[in-house]
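# Architecture and fold: a report
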Amino acid sequence: MASTTSFDRSTPAPGHPPRVARSRVWMAVLLSGILLLAAWPELDYLWRLNTVGSTFDRYLVTGDQEALAEAGGLLGLGDRVFTALPWFGPPAEGSDTDRASYWRLYGSVAARTPSEDAFRRLSAADRRGSLDRTGRLWLGEVAAATGHWEEAERSYATIDAANLLLARAEEAYAAGDHTTAARWYETAAASILTGAAEPAIGSPQQDDALLSGATGRATLLLQIGRGLLNVDLPARALPVLEHAKSEMHASTIGVEEQQSILFSLARALLLTSPPDADEGSSPRLRVLTLVDRALELRESGSSRNEEARIRLMMGDRREAVQALRESIRLDHRAPGTYLTLGAILEQDGLPSLARDLYGNAVGVLRGHPAIESAWAKTSYLTMTPREARPRLLRAAATATRDPYLFAALGDCLADLGDIEGARSAYREGLSRSPGAAPLIERLVELTRPTGETP
C-alpha cells in the first residue's frame, strides 16, 4: 500500500522560518535602523558632552592643567583645538546643540580660562535665551574676569551668588586691593538686592559649591554694607544697610548682629550727611535714635565702644568719653577702648590722666604691645627720664613695632647720657619698622664724635 504521508506546501519545513516571520524580522531591523538614524544626533551630542565632561572632571579632581587645556580645546576655547578628537565647538544659533546643558559645561571651563571670545559667545547665548541660571553664573564669572563689570552685575543679579561674591570681595580687601574689593562688594549688593530668591538649579555638583551658603539675607547685607564702608563707599553702603535693617527682624540673627546693623547704618548716615548739618538735622536725630535702639537691645563693652565711635564722628567728645568709660566698666579687657580713650585724653592735653589709664590697662592686659607702648610713652612725657626708662625698656621687650616707642626710648637714653644705647634703640626700631621717618631723623642728628653720620 502506498504511503499516504505527504507535505503540505503551505506548511514550512522544519528549521526554516515562515516568510511572514522573515518579513517581520527585516521590518524590525529596518525600523531599528530608522530609529537609530533619527536618534544619532542626540546620541552624538550626549557622547561629545560626556567626553568633554569626563576630561574636565579629571582637571577638577586632580588639578591637571593639561586636562583643562584639553577640555578647552574640545570646546574650541583657547589656542588649542583637538582636531584629532571629537571637537565640540560653540553651536550656532538655533542649532540642535544650542542648549543650556552645553553652555553650562562651556561656561564652567571658560571660567577657568576666561577670554574675550568666551565672553562674547556666552553673552550672545544669553541674549537668545540659551543660558539657564547656572549658565548665567558662568557668564558673570567670565565677564568679571575680562573686566565687563556691568554685564557681570546683570548676570549675577539673576542668581543667588552673594556668598561667592562676598568671599571674593573679602579676599581682595584682605590682600589690600581695595579697588577690586569695591567692585565685588558692589556686585554682591546688586546680586542680593535685585537677584533671584532661589539658587541656580540643575547645575553640576562642582557648580553648586559656588552657590551654597546658609547665611541669611540680613547678615549678608550687613557684611556687604560694612565692606562698602571699609572701602570708603558710604553712599553705596547706605541702601544696603537700610535693607539689612528692614530685614533683620525677619531673620534669625543674634543681638550682636542686630546692633552691628544699627551702628553701621548710623555710620553710613553720618558719612553721607552734609558736613554743615546742625544738631537738629534729620540725619543726626536718626543717628541718635539708631544708637539708642542698639543700646536698648543690649548694653555691653562693645556696644558702648561703638556708641563712642559714633559720638566722636558727631563731634560729641564729652559723650564719647562717658561711653568709653562705661565700656571699660563693662569690659575691662578690651585694649582698643583704653587706647581710644587715652588718645582723647592726650589730645585734650591731659597726658598724666592718659598715663594712669594705660597703667590700669597694663594691670589687666600685661604684655600687650600697644598698651605697654602707650603707657611707656606717656610716662616719658610726664615723668623724669630715670623713672620712665624701665617702662620704656619693658615696652621695647614686647613685640611692638611702634617707631615712636623706640624714638622715646632712644631720647630717654640720650637724656641720661647713654648715646650708644640711644643709637641702638633707634636702630632696633628701624629693624622692626623699616623706613620710619622719626627714627631715621634721629639717627642722622645723632653724630659720632668724629662727625660721621651713623
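Residues numbered from 1 in each chain as written. Predicted model: local features only at pLDDT ≥ 70, side-chain atom pairs only at ≥ 80, totals over all residues. Heavy atoms only, no water.

Let's shift gears to the overall build of the protein chain. When its secondary structure is counted, the protein chain shows 22 helices and zero strands. Within the protein chain, contacts between residues separated by at least 24 positions form 55% of all contacts whose residues are at least 6 apart in sequence. Accessible surface, the protein chain: about 24,000 Å² in total, of which carbon and sulfur atoms supply 54%. (Helix = DSSP H or I, 4+ residues; strand = E, 2+ residues; numbered from the N terminus. Contact = heavy atoms within 4.5 Å. Areas by Shrake-Rupley, 256 points an atom, 1.4 Å probe, with all protein chains shown as cover.)

The predicted coordinates should not be examined in detail at positions where pLDDT is low. On average, residues of the protein chain score 83 in pLDDT, and 78% of them are at 70 or above. In this model, residues 35-40 is a region of pLDDT below 50 whose contacts with residues beyond four sequence positions or in other chains number one contact. This model gives residues 196-214 a pLDDT under 50, and the stretch forms 37 contacts once residues within four places in sequence are excluded. (pLDDT = per-residue confidence, 0-100.)

As a further point, take the packing of helix α12 (residues 255-272) against helix α13 (residues 282-297). Relative to each other, α12 and α13 sit at 165°, their axes nearing to 9 Å. Between α12 and α13, the crossing angle belongs to the class labelled roughly antiparallel. Between α12 and α13 lies a crossing whose hand is left-handed. Residues Val255, Gln258, Gln259, Leu262, Phe263, Leu265, Ala266, Leu269 and Leu270 of α12 lie in contact with α13, whose contacting residues are Arg286, Val287, Leu290, Val291, Arg293, Ala294, Leu295 and Leu297. (Axes fitted to C-alpha atoms, helices over the stretch in contact; angles between N-to-C directions. Parallel < 35°, antiparallel > 145°, perpendicular 65-115°, else oblique. Left-handed = near helix turned anticlockwise from the far one by under 90°.)

Another point: helix α21 (residues 419-432). For α21, which comprises 14 residues, the first-to-last C-alpha distance of 20 Å matches the rise-based estimate of 20 Å (1.5 Å per residue) to within 8%. Those residues of α21 that sit buried are Gly421, Ala422, Arg423, Ala425, Tyr426, Gly429 and Leu430. Turning to α21, the residues buried within the fold contact α20 (403-415) and α22 (437-445). The N-capping residue of α21, defined by a side-chain oxygen 2.8 Å from the backbone nitrogen of Gly421, is Asp418. (Expected span 1.5 Å × (residues − 1). Buried < 20%, exposed > 50% of the residue type's maximum accessible area, 1.4 Å probe, protein only. Polar contact = N/O pair within 3.5 Å; in protein donor to acceptor, adjacent residues only side chain to side chain.)

A few words now on the nonpolar core. Considering soluble globular proteins, one finds that nonpolar side chains tend to be buried as a cluster. By size, the foremost hydrophobic cluster in this structure holds 74 residues, and its most contacted members are Tyr106, Val109, Leu122, Tyr156 and Ile224. The residues touching Ile224, leaving out its near neighbours within four places in the chain, are Leu166, Tyr185, Ala188, Ala189, Ile192 and Val240. Among the nonpolar cores identified, the runner-up in size contains 21 residues, and Leu392, Ala408, Leu430 and Leu443 belong to it. (Core = buried A, V, L, I, M, F, W, Y, C linked by side-chain atoms within 4.5 Å.)

An α-helix turns once per 3.6 residues; consequently, residues spaced three or four apart project the same way. The buried fraction of helix α2 (residues 65-74) is high, at seven of ten residues. Two or three places before Glu66, at the start of α2, stands the capping residue Asp64, its side-chain oxygen 3.0 Å from that residue's backbone nitrogen. Looking at the residues trailing α2, positive phi occurs at Gly76, about 80°.

For the rest of this paragraph, the subject is the side chain of Ser373. Within the fold, Ser373 resides in helix α18 (residues 369-382). On the accessibility criterion, Ser373 (2% relative accessible area) is buried. Beyond its immediate stretch of four places on either side in the chain, Ser373 contacts Ala395, Thr400, Asp402 and Leu405.

Let us look at the packing of aromatic side chains. The full count for this structure, using the stated rule, is five aromatic pairs. Relative to Tyr106, the ring of Trp103 has its centre 5.1 Å away and its plane inclined at 75°; by these criteria the two rings are edge-to-face. In this pair, Trp103 and Tyr106 are both assigned in helix α3 (residues 100-112), three residues apart and thus about one turn of the helix distant. Considered together, Trp103 and Tyr106 belong to a single accessibility category, that of buried residues. Through successive ring pairs, a cluster of aromatic residues spans Tyr102, Trp103 and Tyr106. In this structure, Arg168 packs its charged tip against the face of Trp184, placed 5.2 Å from the ring centre. (Phe/Tyr/Trp six-rings, centres within 6.5 Å; stacked < 30°, edge-to-face > 60°. Lys NZ or Arg CZ within 6 Å of the ring centre and 35° of its normal.)

In the structure shown here, the tally under the stated rule is 22 salt bridges. Of the charged contacts in the structure, one is a salt bridge between Asp316 and Arg311, with a shortest N-O distance of 3.7 Å. Of the two residues examined, Asp316 and Arg311, each falls in the buried class. A salt bridge links Arg355 to Asp356; the nearest nitrogen and oxygen atoms lie 3.2 Å apart. Each of Arg284, Glu299, Arg304, Glu307, Arg311 and Asp316 takes part in salt bridges that share partners, so that together they form one network. (Salt bridge = Lys/Arg side-chain N within 4 Å of Asp/Glu carboxyl O.)

As a further point, take the environment of Glu256. Position of Glu256 relative to the elements: it lies in helix α12. Residue classification places Glu256 among the exposed residues on the basis of a relative accessible area of 57%. Between the alpha carbons of Glu256 and Ala294 there is a distance of 9.0 Å; along the sequence they are 38 residues apart.

Our focus in this paragraph is the side chain of Arg355. Considering the arrangement of structural elements, one finds Arg355 in helix α17 (residues 351-364). A relative accessible area of 18% places Arg355 in the buried class. Not counting the four nearest positions on each side in its chain, Arg355 is found in contact with Trp375, Thr378, Ser379, Thr382, Met383 and Arg391.

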